[in-house]
Amino acid sequence: MSRLVYRFGGGASDGEAGNKELLGGKGANLAEMASIGLPVPPGLTIATPACALYYEQGEAFRASLEGEVAAGIAHIEQVVGKRFGDPADPLLVSVRSGARVSMPGMMDTVLNLGLNDETVSGLAAASGDARFAWDSYRRFIQMYSNVVLGLDHGLFEEALEIAKEDKGVHLDTDLGAADWERLCARYREIVEEELGRAFPADPHDQLWGAIAAVFGSWQGDRAKTYRRLNNIPHDWGTAVNVQAMVFGNMGADSATGVAFTRDPSTGERAFYGEYLINAQGEDVVAGIRTPQYLTRAAREAAGASAPSMEETLPQVYAQLAGVFDTLERHYRDMQDIEFTVERGALWMLQTRSGKRTAKAALRIAVEMVGDGLISEDEAVLRVDPQALDQLLHPTLDPDAPRDVIGKGLPASPGAACGKAVFDADTAEQWAGGGEKVILVRVETSPEDIHGMHAAEGILTARGGMTSHAAVVARGMGRPCVSGAGGLAIDNKAKLMRVGGREVREGDVLTIDGSTGEVMLGEVPTVQPELSGDFGMLMGWADTKRRLRVRTNAETPADCRAAREFGAEGIGLCRTEHMFFDAERIANVRQMILADSEAGRGAALAKLLPAQRDDFVEIFRIMAGLPVTIRLLDPPLHEFLPHREEEFAEVARASGLDMETLRRRAAELAESNPMLGHRGCRLGITYPEIYAMQVRAIFEAALEMAGEGEPPLPEIMVPLVATRAELAIIRRLIDRTAEAVFAERGTSIAYQVGTMIELPRAALRAGDIAAEAQFFSFGTNDLTQTALGVSRDDAGHFLGAYVEQGIFARDPFVSLDVEGVGELISMAVERGRAARSDLKLGICGEHGGDPASIAFCESVGLDYVSASPYRVPIARLAAAQAALRTA
C-alpha cells in the first residue's frame, strides 16, 4: 500500500502547496507554511485516499493506518517534547478535516484531544493554570461528545447556562477552575446518562474515534449539500489533520483569531479580521462570543469600544502583519488565516485563498495586476464567473424611506427583502413555493446550509464578520447581517423582538448587508452601475475570448439591459412571448381557432402591425448586430382559451359562435403537446402564420435600414427533424423576402437557419446544413428529447439522481456532455463537413453556464447566447475557457 500519512512542522514537511489532491487544502498549506519558515505547530496529515479506505473497511481501517499514524504522533512528540497520554505533561492534539477545496464548517473538528481525568491534572500542573486546564477539558468533552459520540450539544450548553446562573455570572470567562471541574463531572454524567457508557478515557481510542468521525463527516448531510451547491465531486474525499494543540485560552496574553489579508467584502487593501482574548478557535467562528476587531482603524470605524488586537497585543500584531505580507506575496492571492497566540507566541493554524464577494474579487484581481503579482490572464482566471451575479442585481435605493429597527455587522454585501422565517427547513419549504424569505437565526450552524441557500438573505443576532453565517453567505453571494445584538429571537414562538417591536414569521424584512441595517417592510431598489474594476477585468476578458456572446431577449427592456452588459447581438428572440400581450391574445386565439385560411388570414392581418413594431424596436436597440428571430414555436394549446370569458372574447372578435369555438379547441387538444403540433410543423400546416412573421421581420428591417446602420436578421426555424422540413420553410421565407423587397424597391442581407433540438436533427446535420446558413443548438429541448426527460417534471427525481451520482449536475442547468454533448459534437462535425462556413451557436439556458460554455469552446462553436443578466458571466466564462484550452 502506498504512503498515507505525511508530516509537517519541526523542520520536516513531507508535502507542499501543490499536493492539495493528496493532502487536502489544509494539509498542503500547513506543510507549505512550515517549509517557508512560519510558526506552525507540528502535525501529520492522513491523505485523502484513506477516506475511501474508511468507507471500504469501516472500523477495520484503523489497522491499515495505525503504524503510520503512530510514527506521525512520534514526530509531533519529538518536536514539542511532550508525550501523547502522559499524565504528567500530556501532548494534546486537534483533529481537523481538510478537503482539497475549502468547505468552511461543513465537516467536523475536535480540539484538546488527549485529556482525561489524569492528564487534565498534568496539564494544570505543567501550565501552572488550573482554570485553563479544566476549561480545555470541558471544551473537549462537549466537542467530542457531539462530533464523535453524536450527542446534542444543547445538552451541554444547558448545563453550562445552569452553572453560570448558579454562580450569578453571564460570561464563560467569569467561571473559575473549580467551576469548570464541577462542570466536567456533570458533562461526563450526561454522556453516561445518554449512552449508558462512560466517556472514553484512553487518548488513543479518543484519537481514532475523532479520525473516524472526520472521515464520516464527508458524507454528512451538510457536507453533501455544500458539495452539491458548489459542484464538488462526491468521490474526492477529505484528508484528516492531526496537529499539536496551541492554546489561546491561557489568559490575557493568549488569543485566537481569524483574519484576511484584504477585506473580503470590498477587496480593500487592509487587514481584516477578528480575535478574542483568552479563547479557542470555535469561540470566534461559531459566534459563541462576539469578537473584537483586529486593527485599531477597523475598531474606530465601527465605533466599537473593545480594544483591537493592534492595541492589546502590539508586538504579536506586528509579527502577524508581517506574516500576512509574506503569505500574500508567496501565494499571490488574498489569504484567509487562522491563528492562535499562546502566552505571547504566535502560531499559524491555517491559510487558504479567501472566499470573497464578486466586488472584492474584481478589485483584488485588478490591483494585483497593477502590483505586478499576477498577469492579466491570471486575473481573468481568478474571478468565478458565477460570482458576477452578485453585481448584476439591484441594491437599496438610498433615497427611499427606511423603517430601521436594528443594526448588526455588515457581514456580506447586497440587499435582500423577504418574509421572515426562523428555521432552515421553513426557509427551504417557503422558497420552494416561490416565496422570498429572510432566514433569521440566533446564530447559524452548518446544519442550516440548505436554508441559507434557499433564503434571499441571512440575519443573525450573534456572531462576527468571520462567523459561520458571514463566511458561508459571502461564498454564496447572499446578503448577510450578523451580530445584531439588539435582536431577541424566540425560535419556538417564531418571533423576533427588537426595540419594543415584534416581527413574526411571515412579516416582511429588508436587510442591507453593506451597512448592517435591518428594516421592517420592503425597501425599493436601484439598478447597479458596472464600471471601474468590473469594466477593467471584462475588457481583459474580451481580448482573451474567441466565443462571441449574444443574449436571449425579446422585450426592449431586456435588449437594452443585454447591450449594457456587453451582448454582441441576439441569439434567441422568442416571438411567441410577444403574442401573450393582453391586447394581442384574442387575435392570436382567433387565428388558431379559425377553421379556414381566410379566417386565419383575417386574424393575422391584425397581428402584423404589432409584430412589425416589435421587430423595429429590437432592431433599433441592436443596430448593426445580428438578431436571431425564432419563428413561432410552442404548441398551440398554450394559446387556447380556457375560461368562459376568454371564449366569449374570441367569439366577439371572430364572429363565430361559442359552440364552434369549443369544438375547434377540442380538436386542437393534444396528449403530448411538447412533441405535437408545434415548431416548423405549424409553418408547414399553416404557412400563413410564418409568412406573416417573416413579412414583419423584413418590413421592420428595411424600415430600420433607412434610419441608419442596417440590422442583420437571422431567421431561425424551430423543431426541424429533416432537411425537407427546412427546405419547405426556407422557400416560404425567400418568397416572402422577394415580395417585400419588390414592394419596397430595396433589399437587405439575411440568413436562414435552424435550431438543432431533436436527436434526429443532430444525426442528420450534414443533410440539414445544405439548407441552413447557421445552426443554433436549443439545448433545453435537445436535453429533454435526448434524455427522454420532461424538464417540467424532472424536479421530482433529478435531485436523487444527482445525489446518487447518476448525473454529476442537473442536466438542465449544466450540459450533459457525455450524452447531449456527443450529439452536439456530431452535429458540428457533420454540419461543417457539408458547409464549411456554417455558423454555430447555442441558445438554451446552458449558454449562461460556465461549464457548458467551456464545452462550447472545445467543440468550436462561434457564439453562446444567454439571458441578459448572465451575459457578463458568459463573457468571463468564455475567456476562461479560451485561456484554459490555449
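Structure first, text after, so check above.
Report follows, based on the coordinates.

**Quick word on the overall build of the protein chain**
Consideration 1: Of the regular secondary structure elements, the protein chain holds 35 helices and 33 strands.
Consideration 2: The C-alpha radius of gyration computed for the protein chain amounts to 32 Å, which stays within 12% of the reference 29 Å derived for 886 residues, consistent with globular compactness.
Consideration 3: Along the three orthogonal principal directions, the C-alpha set of the protein chain runs to about 100 × 60 × 55 Å.
Consideration 4: Per-residue burial for the protein chain yields a buried fraction of 56% across its 886 residues.
Consideration 5: Excluding contacts between residues fewer than 6 apart, the proportion of contacts in the protein chain whose partners are at least 24 apart in sequence is 68%.
Consideration 6: Within the structure as shown, the protein chain displays about 34400 Å² of accessible surface, and the carbon and sulfur contribution to it stands at 48%.
Consideration 7: If the 88 positive side-chain charges of the protein chain are averaged to one point and the 126 negative ones to another, these points end up 3 Å apart.

**Thoughts on the pairing of strand β23 (residues 508–512)**
Consideration 1: Among the five residues that make up β23, four are buried, leaving the element largely enclosed by the rest of the structure.
Consideration 2: Relative to β23, strand β16 (residues 415–421) runs antiparallel, the two sharing five bridges. For alanine 415, the partnering residue across the bridge sits in β23 and is aspartate 512.
Consideration 3: Two strands pair when backbone bridges link them, and β23 and strand β24 (residues 517–520) are joined in this way by four bridges, in the antiparallel orientation. Of the residues in β24, the one forming a bridge with leucine 509 is leucine 520.
Consideration 4: If you look at the hairpin formed by β23 and β24, you'll find four residues sitting between the two strands, and glycine 516 has a positive phi there, around 90 degrees.

**Some words on a nonpolar patch on the surface**
Consideration 1: Judged by side-chain polarity, Phe797, Tyr801 and Ile806 come together as a nonpolar surface patch covering roughly 250 Å² of accessible area.
Consideration 2: The topology assignment puts isoleucine 806 in the loop between α32 (798–803) and α33 (820–834).

**Section: the environment of leucine 373**
Consideration 1: With respect to the helices and strands, leucine 373 occurs in the loop between α14 (358–370) and α15 (376–382).
Consideration 2: For the pair leucine 373 and glutamate 328, spaced 45 residues apart in the sequence, the C-alpha separation amounts to 9.4 Å.

**Notes on the nonpolar core**
Consideration 1: Judged by nonpolar contacts, the single largest core of 128 residues is most densely connected at Leu388, Leu537, Phe619, Ile733, Phe775, Phe777 and Leu861.
Consideration 2: Aside from chain neighbours lying at most four places away, what touches phenylalanine 619 is Val627, Ile629, Ile697, Ala700, Ala701, Met704, Pro711 and Pro713.
Consideration 3: Membership of the second largest hydrophobic core comes to 84 residues, among which are Phe199, Ala411, Val437 and Met452.

**Here's the deal with the pairing of strand β11 (residues 335–342)**
Consideration 1: Extensive coverage of β11 is indicated by the burial of seven of its eight residues.
Consideration 2: As paired strands, strand β8 (residues 255–260) and β11 are joined by six bridges and run antiparallel to one another. Counted as the bridge partner of threonine 256 is threonine 340 from β11.
Consideration 3: Bridging between β11 and strand β12 (residues 345–353) involves eight bridges; their strand directions are antiparallel. Residue pairing across strands places glutamine 335 opposite serine 353, the latter belonging to β12.
Consideration 4: Linking two consecutive strands that pair antiparallel, namely β11 and β12, is a turn of two residues; a positive phi of about 50 degrees is found at arginine 343 within it.

**Comments concerning the packing of helix α31 (residues 779–787) against α33**
What describes two packed helices is the angle between their axes and the distance between those same axes.
Consideration 1: Here α31 crosses α33 at 115 degrees, and the two axes come no closer than 10 Å. Crossing of α31 over α33 shows right-handed handedness. Across from Thr779, Leu782, Thr783 and Ala786 in α31, the residues of α33 making contact are Val820, Leu823 and Ile824.
Consideration 2: Within the contact of α31 with α33, the residues separate by chemical class into five nonpolar, two polar and no charged.

**Description of the pattern of salt bridges**
Consideration 1: All chains considered together, the criterion is met by 70 salt bridges.
Consideration 2: Across the pair arginine 441 and aspartate 448 runs a salt bridge, and its minimum N-O distance is 3.4 Å.
Consideration 3: Accessibility expressed as a relative area gives 17% for arginine 441, which makes it buried.
Consideration 4: A relative accessible area of 5% means that aspartate 448 is categorised as buried.
Consideration 5: With its nearest N and O atoms 2.7 Å apart, the salt bridge here joins arginine 875 to aspartate 542. Of this pair, arginine 875 sits in helix α35 (residues 871–885) while aspartate 542 sits in helix α19 (residues 533–544), and the two are 333 residues apart along the sequence.
Consideration 6: Looking at arginine 875, the relative accessible area reads 9%, which means it is buried.
Consideration 7: The partly exposed category is assigned to aspartate 542, whose relative accessible area is 30%.
Consideration 8: Put simply, Arg131, Asp135, Arg138, Arg139, Glu161, Lys164 and Asp172 are held in one network by salt bridges that share partners.

**Some details on the sheet that holds strand β2 (residues 43–46)**
Within a sheet, neighbouring strands are paired by backbone hydrogen bonds and run either parallel or antiparallel to one another.
Consideration 1: Sheet architecture is open: five strands sit in the order β1-β2-β7-β5-β6, paired in antiparallel fashion. Only two strands of the sheet have a single neighbouring strand rather than two, namely β1 (5–8) and β6 (109–113). The sheet shows a mean angle of 20 degrees between the axes of neighbouring strands, direction not considered.
Consideration 2: Relative to strand β7 (residues 239–244), β2 runs antiparallel, the two being bridged by four bridges. Bridging from a neighbouring strand, leucine 44 pairs with valine 242 of β7.
Consideration 3: Along the sheet, helix α3 (residues 61–80) contacts β1, β2 and β7; its crossing angle with β2, the most-contacted strand, is approximately 160 degrees.

**Notes on the environment of alanine 198**
Consideration 1: Relative to the helices and strands, alanine 198 resides in the loop between α7 (177–195) and α8 (203–217).
Consideration 2: Residue classification places alanine 198 among the exposed residues on the basis of a relative accessible area of 51%.
Consideration 3: For alanine 198 and valine 828, which are 630 residues apart along the polypeptide, the C-alpha to C-alpha distance reads 67 Å.
Consideration 4: Here alanine 198 is in contact with Val191 and Glu192, once residues within four sequence places are set aside.

What counts as what
- Residues numbered from 1 in each chain as written.
- Predicted model: local features only at pLDDT ≥ 70, side-chain atom pairs only at ≥ 80, totals over all residues.
- Heavy atoms only, no water.
- Helix = DSSP H or I, 4+ residues; strand = E, 2+ residues; numbered from the N terminus.
- Rg over C-alpha atoms; globule rule 2.2 N^0.38 Å.
- Buried < 20%, exposed > 50% of the residue type's maximum accessible area, 1.4 Å probe, protein only.
- Contact = heavy atoms within 4.5 Å.
- Areas by Shrake-Rupley, 256 points an atom, 1.4 Å probe, with all protein chains shown as cover.
- Lys, Arg positive; Asp, Glu negative; His and termini not counted.
- Charge placed at Lys NZ, Arg CZ, Asp CG, Glu CD.
- Pairing = 2+ DSSP bridges.
- Patch = residues over 30% accessible without salt bridge, like charges linked within 9 Å, V, L, I, M, F, W, Y side chains within 5 Å.
- Salt bridge = Lys/Arg side-chain N within 4 Å of Asp/Glu carboxyl O.
- Core = buried A, V, L, I, M, F, W, Y, C linked by side-chain atoms within 4.5 Å.
- Axes fitted to C-alpha atoms, helices over the stretch in contact; angles between N-to-C directions.
- Left-handed = near helix turned anticlockwise from the far one by under 90°.
- Nonpolar A, V, L, I, M, F, W, Y, C, P; charged D, E, K, R; others polar.

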